[in-house]
Amino acid sequence: MPVPETVLPPDQAASNTSLRALLHGLPGVDEVGARARAADLSTRSIKTAAKARAIDLAIGMIDLTTLEGADTAGKVRALSAKAMRPDPADPTVPPAAAVCVYSDLVATAAEALAGSGVKVASVATAFPSGRAPLEAKLADTRRAVADGAAEIDMVIDRGAFLAGDYRTVHDEITAIKEACGGAHLKVILETGELATYDNVRRASWLAIHAGADFIKTSTGKVAPSATLPVTLIMLEAVRDHFAATGRRVGVKPAGGIRTTKDALKYLVLVNEVAGDGWLDADHFRLGASSLLNDLLMQRTRLSTGTYSGPDYYTLD
(Lines give C-alpha, C1' and ligand atoms only; values in the text may rest on other atoms or scores of the structure.)
Protein backbone atom coordinates (compact mmCIF):
# COMPACT_ATOMS: atom_id res chain seq x y z
CA MET A 1 0.00 0.00 0.00
CA PRO A 2 1.20 3.62 -0.45
CA VAL A 3 3.08 4.92 2.57
CA PRO A 4 1.39 8.04 3.99
CA GLU A 5 3.77 10.97 4.24
CA THR A 6 2.27 11.90 7.60
CA VAL A 7 4.09 8.96 9.20
CA LEU A 8 7.43 10.65 8.75
CA PRO A 9 7.45 13.94 10.72
CA PRO A 10 7.90 13.35 14.46
CA ASP A 11 5.60 16.26 15.35
CA GLN A 12 2.63 14.31 14.04
CA ALA A 13 2.32 12.79 17.49
CA ALA A 14 1.69 16.20 19.06
CA SER A 15 -2.08 15.88 19.41
CA ASN A 16 -4.96 13.46 19.20
CA THR A 17 -6.14 15.38 16.14
CA SER A 18 -2.90 14.81 14.25
CA LEU A 19 -2.77 11.14 15.27
CA ARG A 20 -6.37 10.67 14.12
CA ALA A 21 -5.50 12.30 10.78
CA LEU A 22 -2.52 9.98 10.40
CA LEU A 23 -4.33 6.77 11.31
CA HIS A 24 -7.61 7.45 9.55
CA GLY A 25 -5.66 8.59 6.49
CA LEU A 26 -4.30 5.07 6.03
CA PRO A 27 -5.87 3.09 3.18
CA GLY A 28 -8.61 0.74 4.31
CA VAL A 29 -7.84 -2.96 4.49
CA ASP A 30 -9.31 -5.18 1.79
CA GLU A 31 -10.53 -7.85 4.22
CA VAL A 32 -11.43 -10.38 1.54
CA GLY A 33 -8.10 -9.82 -0.17
CA ALA A 34 -6.13 -10.14 3.07
CA ARG A 35 -7.81 -13.42 3.93
CA ALA A 36 -7.37 -14.75 0.40
CA ARG A 37 -3.69 -13.88 0.24
CA ALA A 38 -2.99 -15.36 3.66
CA ALA A 39 -4.85 -18.53 2.66
CA ASP A 40 -2.91 -18.76 -0.59
CA LEU A 41 0.46 -18.33 1.11
CA SER A 42 -0.48 -20.94 3.70
CA THR A 43 -0.60 -23.56 0.95
CA ARG A 44 3.03 -23.05 -0.09
CA SER A 45 5.05 -26.21 0.45
CA ILE A 46 8.58 -26.31 1.83
CA LYS A 47 10.78 -29.15 0.59
CA THR A 48 12.84 -31.39 2.84
CA ALA A 49 16.19 -29.55 2.86
CA ALA A 50 14.56 -26.15 3.18
CA LYS A 51 12.17 -27.52 5.79
CA ALA A 52 15.03 -28.61 8.02
CA ARG A 53 16.50 -25.11 7.88
CA ALA A 54 13.09 -23.55 8.47
CA ILE A 55 12.50 -25.70 11.56
CA ASP A 56 15.82 -24.58 13.07
CA LEU A 57 14.97 -20.99 12.17
CA ALA A 58 11.60 -21.30 13.90
CA ILE A 59 13.17 -22.84 17.03
CA GLY A 60 15.55 -19.89 17.24
CA MET A 61 12.63 -17.45 16.97
CA ILE A 62 10.56 -18.83 19.85
CA ASP A 63 9.83 -16.80 22.96
CA LEU A 64 9.35 -19.77 25.28
CA THR A 65 6.60 -18.57 27.55
CA THR A 66 5.03 -19.33 30.92
CA LEU A 67 2.40 -16.85 32.06
CA GLU A 68 0.24 -18.60 34.62
CA GLY A 69 -0.78 -17.63 38.11
CA ALA A 70 0.75 -20.89 39.38
CA ASP A 71 4.21 -20.21 37.92
CA THR A 72 7.09 -20.98 40.28
CA ALA A 73 10.80 -20.29 40.33
CA GLY A 74 11.39 -23.98 39.68
CA LYS A 75 9.24 -23.94 36.57
CA VAL A 76 11.05 -20.87 35.26
CA ARG A 77 14.44 -22.53 35.82
CA ALA A 78 13.27 -25.66 34.01
CA LEU A 79 11.91 -23.59 31.12
CA SER A 80 15.18 -21.66 30.94
CA ALA A 81 17.16 -24.91 30.74
CA LYS A 82 14.93 -26.04 27.90
CA ALA A 83 15.33 -22.73 26.08
CA MET A 84 19.12 -23.03 26.23
CA ARG A 85 19.21 -26.72 25.27
CA PRO A 86 15.85 -27.68 23.72
CA ASP A 87 16.93 -31.29 23.14
CA PRO A 88 19.56 -32.39 25.67
CA ALA A 89 20.37 -35.40 23.46
CA ASP A 90 21.13 -33.24 20.41
CA PRO A 91 23.49 -30.28 20.84
CA THR A 92 22.92 -29.20 17.21
CA VAL A 93 19.43 -27.91 18.07
CA PRO A 94 19.60 -24.11 18.31
CA PRO A 95 18.50 -22.34 21.50
CA ALA A 96 15.23 -20.43 21.71
CA ALA A 97 15.28 -16.65 21.37
CA ALA A 98 13.93 -15.76 24.79
CA VAL A 99 12.11 -16.88 27.90
CA CYS A 100 9.06 -14.77 28.70
CA VAL A 101 7.82 -14.54 32.31
CA TYR A 102 5.97 -12.27 34.70
CA SER A 103 8.05 -9.45 36.13
CA ASP A 104 8.45 -10.96 39.60
CA LEU A 105 10.24 -13.97 38.05
CA VAL A 106 12.64 -12.01 35.85
CA ALA A 107 15.53 -12.25 38.32
CA THR A 108 15.12 -16.03 38.46
CA ALA A 109 15.15 -16.31 34.67
CA ALA A 110 18.08 -13.91 34.33
CA GLU A 111 20.16 -15.96 36.76
CA ALA A 112 19.29 -19.22 35.00
CA LEU A 113 20.05 -17.82 31.52
CA ALA A 114 23.19 -15.83 32.41
CA GLY A 115 25.80 -16.02 29.66
CA SER A 116 23.65 -18.19 27.38
CA GLY A 117 22.58 -15.58 24.83
CA VAL A 118 18.92 -16.44 25.45
CA LYS A 119 17.12 -13.24 26.37
CA VAL A 120 14.75 -12.62 29.25
CA ALA A 121 11.43 -11.05 28.30
CA SER A 122 8.79 -9.85 30.73
CA VAL A 123 5.13 -8.96 30.36
CA ALA A 124 5.24 -5.89 32.57
CA THR A 125 2.50 -3.23 32.40
CA ALA A 126 -0.49 -5.05 33.94
CA PHE A 127 -0.57 -7.96 31.50
CA PRO A 128 -2.93 -9.15 30.10
CA SER A 129 -5.59 -6.49 30.71
CA GLY A 130 -3.41 -3.39 30.73
CA ARG A 131 -5.78 -1.94 33.34
CA ALA A 132 -3.46 -0.14 35.74
CA PRO A 133 -2.27 3.44 36.30
CA LEU A 134 0.66 4.45 34.12
CA GLU A 135 2.80 4.99 37.22
CA ALA A 136 2.35 1.32 38.16
CA LYS A 137 3.19 0.18 34.65
CA LEU A 138 6.35 2.30 34.60
CA ALA A 139 7.45 0.99 37.98
CA ASP A 140 6.86 -2.60 36.86
CA THR A 141 8.85 -1.99 33.69
CA ARG A 142 11.79 -0.40 35.52
CA ARG A 143 11.88 -3.24 38.04
CA ALA A 144 11.85 -5.89 35.30
CA VAL A 145 14.68 -4.19 33.43
CA ALA A 146 16.70 -3.75 36.63
CA ASP A 147 16.23 -7.46 37.38
CA GLY A 148 17.62 -8.43 33.99
CA ALA A 149 14.86 -8.22 31.37
CA ALA A 150 16.24 -7.45 27.92
CA GLU A 151 12.74 -7.18 26.45
CA ILE A 152 9.43 -5.83 27.74
CA ASP A 153 6.13 -7.02 26.26
CA MET A 154 3.52 -4.35 27.06
CA VAL A 155 -0.17 -4.43 26.19
CA ILE A 156 -1.93 -1.34 24.90
CA ASP A 157 -4.99 0.25 26.48
CA ARG A 158 -7.59 -1.17 24.09
CA GLY A 159 -10.36 0.84 25.73
CA ALA A 160 -8.59 4.10 24.94
CA PHE A 161 -7.77 2.96 21.42
CA LEU A 162 -11.32 1.87 20.60
CA ALA A 163 -12.65 5.16 22.01
CA GLY A 164 -10.40 7.03 19.59
CA ASP A 165 -8.13 8.36 22.33
CA TYR A 166 -5.01 7.69 20.31
CA ARG A 167 -2.83 10.15 22.18
CA THR A 168 -3.29 8.29 25.47
CA VAL A 169 -2.18 5.05 23.81
CA HIS A 170 0.71 6.76 22.01
CA ASP A 171 1.97 8.60 25.07
CA GLU A 172 1.79 5.46 27.23
CA ILE A 173 3.87 3.51 24.71
CA THR A 174 6.37 6.37 24.53
CA ALA A 175 6.66 6.57 28.32
CA ILE A 176 7.15 2.82 28.70
CA LYS A 177 9.70 2.80 25.89
CA GLU A 178 11.66 5.43 27.82
CA ALA A 179 11.39 3.37 31.02
CA CYS A 180 12.84 0.39 29.13
CA GLY A 181 16.20 2.10 28.81
CA GLY A 182 18.30 -0.25 26.71
CA ALA A 183 15.68 -3.02 26.67
CA HIS A 184 13.56 -3.61 23.59
CA LEU A 185 9.82 -2.93 23.71
CA LYS A 186 7.26 -5.28 22.18
CA VAL A 187 3.82 -3.69 21.98
CA ILE A 188 0.90 -6.13 22.21
CA LEU A 189 -2.12 -4.94 20.23
CA GLU A 190 -4.50 -7.69 21.43
CA THR A 191 -5.92 -7.89 17.92
CA GLY A 192 -8.78 -10.18 18.98
CA GLU A 193 -10.32 -7.17 20.75
CA LEU A 194 -9.75 -4.62 17.97
CA ALA A 195 -12.82 -5.77 16.01
CA THR A 196 -11.69 -4.81 12.48
CA TYR A 197 -8.68 -5.23 10.22
CA ASP A 198 -8.63 -1.44 9.76
CA ASN A 199 -8.13 -1.12 13.51
CA VAL A 200 -5.29 -3.65 13.37
CA ARG A 201 -3.58 -1.52 10.71
CA ARG A 202 -4.13 1.68 12.70
CA ALA A 203 -2.91 0.15 15.96
CA SER A 204 0.18 -1.18 14.19
CA TRP A 205 1.08 2.23 12.80
CA LEU A 206 0.34 3.92 16.13
CA ALA A 207 2.64 1.56 18.03
CA ILE A 208 5.38 1.91 15.44
CA HIS A 209 5.06 5.69 15.45
CA ALA A 210 5.33 5.70 19.27
CA GLY A 211 8.65 3.85 19.17
CA ALA A 212 7.87 0.12 19.41
CA ASP A 213 10.74 -2.22 18.56
CA PHE A 214 8.23 -5.02 17.88
CA ILE A 215 4.50 -5.16 17.37
CA LYS A 216 2.82 -8.28 18.75
CA THR A 217 -0.59 -9.73 17.96
CA SER A 218 -1.89 -11.02 21.25
CA THR A 219 -1.53 -11.90 24.89
CA GLY A 220 -2.70 -15.44 24.18
CA LYS A 221 -5.43 -14.89 26.78
CA VAL A 222 -8.09 -13.58 24.35
CA ALA A 223 -9.62 -15.41 21.38
CA PRO A 224 -8.86 -15.17 18.57
CA SER A 225 -5.13 -14.86 19.17
CA ALA A 226 -2.66 -14.81 16.27
CA THR A 227 -4.09 -15.36 12.80
CA LEU A 228 -2.38 -15.29 9.42
CA PRO A 229 -4.47 -12.41 7.97
CA VAL A 230 -3.85 -10.21 11.02
CA THR A 231 -0.12 -10.98 10.93
CA LEU A 232 -0.09 -10.17 7.21
CA ILE A 233 -1.53 -6.72 7.94
CA MET A 234 1.07 -6.11 10.64
CA LEU A 235 3.88 -7.26 8.34
CA GLU A 236 2.68 -4.84 5.68
CA ALA A 237 2.85 -2.04 8.25
CA VAL A 238 6.44 -2.74 9.29
CA ARG A 239 7.48 -3.25 5.67
CA ASP A 240 5.99 0.08 4.60
CA HIS A 241 7.40 1.89 7.62
CA PHE A 242 10.85 0.54 6.78
CA ALA A 243 10.46 1.74 3.18
CA ALA A 244 9.59 5.22 4.44
CA THR A 245 12.09 5.59 7.28
CA GLY A 246 14.75 2.87 7.12
CA ARG A 247 13.81 1.68 10.64
CA ARG A 248 13.01 -2.02 10.81
CA VAL A 249 10.39 -2.95 13.40
CA GLY A 250 9.81 -6.59 14.32
CA VAL A 251 6.60 -8.62 14.42
CA LYS A 252 5.55 -11.28 16.91
CA PRO A 253 2.44 -13.43 16.46
CA ALA A 254 1.52 -15.12 19.73
CA GLY A 255 -1.20 -17.48 20.88
CA GLY A 256 -2.51 -20.57 19.15
CA ILE A 257 0.67 -21.43 17.23
CA ARG A 258 1.15 -25.04 18.27
CA THR A 259 2.44 -27.10 15.34
CA THR A 260 5.37 -27.09 12.96
CA LYS A 261 2.92 -26.64 10.09
CA ASP A 262 1.60 -23.48 11.79
CA ALA A 263 5.10 -22.09 12.35
CA LEU A 264 6.19 -22.71 8.75
CA LYS A 265 3.11 -20.92 7.43
CA TYR A 266 4.18 -17.85 9.38
CA LEU A 267 7.74 -18.02 8.04
CA VAL A 268 6.41 -18.18 4.47
CA LEU A 269 4.20 -15.19 5.24
CA VAL A 270 7.15 -13.20 6.57
CA ASN A 271 9.28 -13.97 3.53
CA GLU A 272 6.56 -13.17 1.00
CA VAL A 273 5.11 -10.06 2.64
CA ALA A 274 7.98 -8.31 4.43
CA GLY A 275 11.02 -10.02 2.92
CA ASP A 276 13.99 -11.98 4.18
CA GLY A 277 15.22 -8.98 6.17
CA TRP A 278 12.71 -10.07 8.80
CA LEU A 279 13.71 -13.74 8.83
CA ASP A 280 15.77 -13.63 12.01
CA ALA A 281 15.08 -13.52 15.72
CA ASP A 282 15.89 -9.81 15.86
CA HIS A 283 12.85 -9.05 13.70
CA PHE A 284 10.44 -11.96 14.00
CA ARG A 285 9.38 -14.02 17.01
CA LEU A 286 6.88 -16.74 17.71
CA GLY A 287 5.17 -16.51 21.08
CA ALA A 288 4.46 -20.08 22.15
CA SER A 289 4.65 -22.63 24.91
CA SER A 290 3.75 -25.93 23.25
CA LEU A 291 5.19 -25.30 19.77
CA LEU A 292 8.77 -26.21 20.62
CA ASN A 293 8.10 -29.90 21.26
CA ASP A 294 6.34 -30.33 17.92
CA LEU A 295 9.26 -28.65 16.13
CA LEU A 296 11.66 -31.02 17.91
CA MET A 297 9.60 -34.07 16.90
CA GLN A 298 9.49 -32.95 13.26
CA ARG A 299 13.22 -32.22 13.34
CA THR A 300 13.92 -35.74 14.62
CA ARG A 301 11.69 -37.26 11.95
CA LEU A 302 13.55 -35.42 9.19
CA SER A 303 16.95 -36.56 10.47
CA THR A 304 16.11 -40.15 11.45
CA GLY A 305 12.98 -41.00 9.51
CA THR A 306 11.02 -41.83 12.67
CA TYR A 307 9.02 -39.87 15.24
CA SER A 308 10.46 -39.79 18.72
CA GLY A 309 7.01 -39.19 20.24
CA PRO A 310 5.90 -36.37 22.57
CA ASP A 311 6.91 -38.26 25.73
CA TYR A 312 10.56 -38.02 24.69
CA TYR A 313 10.58 -34.29 25.41
CA THR A 314 9.90 -32.32 28.56
CA LEU A 315 6.40 -31.00 29.13
CA ASP A 316 6.10 -27.23 29.50
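Computed from a predicted structure; not experimentally measured.

A.B. asks: Summarise the overall build of the protein chain; cite the residues concerned and give the values.
C.D. replies: Of regular secondary structure, the protein chain possesses 12 helices and eight strands. Relative to the compact-globule value of 20 Å for 316 residues, the protein chain shows a C-alpha radius of gyration of 19 Å, a close match. In the protein chain, which comprises 316 residues, the proportion classed as buried is 53%. Within the protein chain, counting contacts between residues at least 6 apart in sequence, those at least 24 apart form 76% of the total. Accessible area of the protein chain: about 12700 Å², with a carbon and sulfur share of 53%. In the protein chain, the 34 positive side-chain charges and the 37 negative ones have mean positions that sit 4 Å from each other.

A.B. asks: Run through unusual backbone geometry, naming residues and quoting values.
C.D. replies: Note the cis peptide between Phe127 and Pro128, where omega equals 0°. With an omega of -5°, the peptide bond running from Ala223 to Pro224 counts as cis. One can find Pro224 in the loop between β6 (214-216) and α10 (228-245). Of note in the backbone geometry, Ala126 takes a positive phi value of approximately 60° without being a glycine. According to the relative accessible area criterion, Ala126 is partly exposed, its value standing at 25%.

A.B. asks: With reference to specific residues and values, describe the packing of helix α9 (residues 197-210) against α10.
C.D. replies: Contact geometry for α9 and α10: axes closest at 9 Å, N-to-C directions at 40°. What the angle tells us is that α9 and α10 run oblique. In the packing of α9 onto α10, the handedness of the crossing is right-handed. Listed contacts from α10 to Tyr197, Val200, Arg201, Ser204, Trp205 and Ile208 of α9 are Pro229, Val230, Ile233, Met234, Glu236, Ala237, Val238, Asp240 and His241. Among the residues making up the contact of α9 with α10, the classes are represented as 10 nonpolar, two polar and three charged.

A.B. asks: So, the sheet that holds strand β1 (residues 62-65): which residues are in play, and what are the values?
C.D. replies: Pairing is parallel in the open sheet, where eight strands are placed in the order β7-β6-β5-β4-β3-β2-β1-β8. The open sheet has two edge strands, β7 (250-252) and β8 (286-288), and neither has a second partner. For this sheet, the mean inter-axis angle between neighbouring strands, taken without regard to orientation, is 25°. Bridging between β1 and β8 involves three bridges; their strand directions are parallel. In the strand pairing of β8, Leu64 is matched with Ala288.

A.B. asks: Tell me about the packing of aromatic side chains, and please be specific about residues and values.
C.D. replies: With the rule as written, the count across this model stands at three aromatic pairs. When the centroid spacing of 5.7 Å and the interplanar angle of 85° are considered together, the rings of Phe242 and Trp278 count as edge-to-face. Of this pair, Phe242 sits in helix α10 while Trp278 sits in the loop between α11 (260-273) and β8, and the two are 36 residues apart along the sequence. Sitting above the plane of the Phe242 ring, Arg248 keeps its charged end 4.1 Å from the centroid. Sitting above the plane of the Trp278 ring, Arg248 keeps its charged end 4.5 Å from the centroid.

A.B. asks: Which residues make up the pairing of strand β2 (residues 98-101), and what values go with them?
C.D. replies: Looking down a regular strand, the side chains alternate between one sheet face and the other. Side chains Ala98 and Cys100 of β2 all project onto a buried face; the interleaved residues Val99 and Val101 project onto the opposite face, where all are buried too. Tracing the backbone out of β1, into helix α4 (residues 73-84) and back to the parallel element β2 gives a crossover that is right-handed. Pairing of β2 with strand β3 (residues 119-122) involves four bridges; the strand directions are parallel. Within the sheet, the bridge partner assigned to Val101 lies in β3 and is Ser122. The handedness of the β2 to β3 crossover, carried by helix α5 (residues 106-113), is right-handed.

A.B. asks: Break down the nonpolar core for me, citing the residues and quoting the values.
C.D. replies: Grouped together as the largest cluster of nonpolar side chains are 88 residues, with contacts concentrated most on Ile173 and Val187. Those residues in contact with Val187 that sit more than four places away from it in its chain are Met154, Ile156, Ile173, Ala207, Ala212, Phe214, Ile215 and Lys216. Membership of the second largest hydrophobic core comes to seven residues, among which are Ala121, Val123, Phe127 and Val155.

A.B. asks: Could you give an account of the pattern of salt bridges, naming the residues involved and the relevant values?
C.D. replies: In total, this model carries 23 salt bridges according to the counting rule given. The shortest N-O distance in the salt bridge between Lys186 and Glu151 comes to 2.6 Å. Placement of Lys186 in strand β5 (residues 184-188) and of Glu151 in strand β4 (residues 151-155) is noted, with a sequence separation of 35 residues between them. Here Lys186 matches Glu151 in class, with each residue buried. Ionic contacts of the salt-bridge type, sharing partners, join the residues Asp63, Glu151, Asp153, Lys186, Lys216, Lys252 and Arg285 into one network.

What counts, and at which threshold
Residues numbered from 1 in each chain as written. Predicted model: local features only at pLDDT ≥ 70, side-chain atom pairs only at ≥ 80, totals over all residues. Heavy atoms only, no water. Helix = DSSP H or I, 4+ residues; strand = E, 2+ residues; numbered from the N terminus. Rg over C-alpha atoms; globule rule 2.2 N^0.38 Å. Buried < 20%, exposed > 50% of the residue type's maximum accessible area, 1.4 Å probe, protein only. Contact = heavy atoms within 4.5 Å. Areas by Shrake-Rupley, 256 points an atom, 1.4 Å probe, with all protein chains shown as cover. Lys, Arg positive; Asp, Glu negative; His and termini not counted. Charge placed at Lys NZ, Arg CZ, Asp CG, Glu CD. Axes fitted to C-alpha atoms, helices over the stretch in contact; angles between N-to-C directions. Parallel < 35°, antiparallel > 145°, perpendicular 65-115°, else oblique. Left-handed = near helix turned anticlockwise from the far one by under 90°. Nonpolar A, V, L, I, M, F, W, Y, C, P; charged D, E, K, R; others polar. Pairing = 2+ DSSP bridges. Phe/Tyr/Trp six-rings, centres within 6.5 Å; stacked < 30°, edge-to-face > 60°. Lys NZ or Arg CZ within 6 Å of the ring centre and 35° of its normal. Right-handed = clockwise from strand over helix to strand, strands pointing away. Core = buried A, V, L, I, M, F, W, Y, C linked by side-chain atoms within 4.5 Å. Salt bridge = Lys/Arg side-chain N within 4 Å of Asp/Glu carboxyl O.

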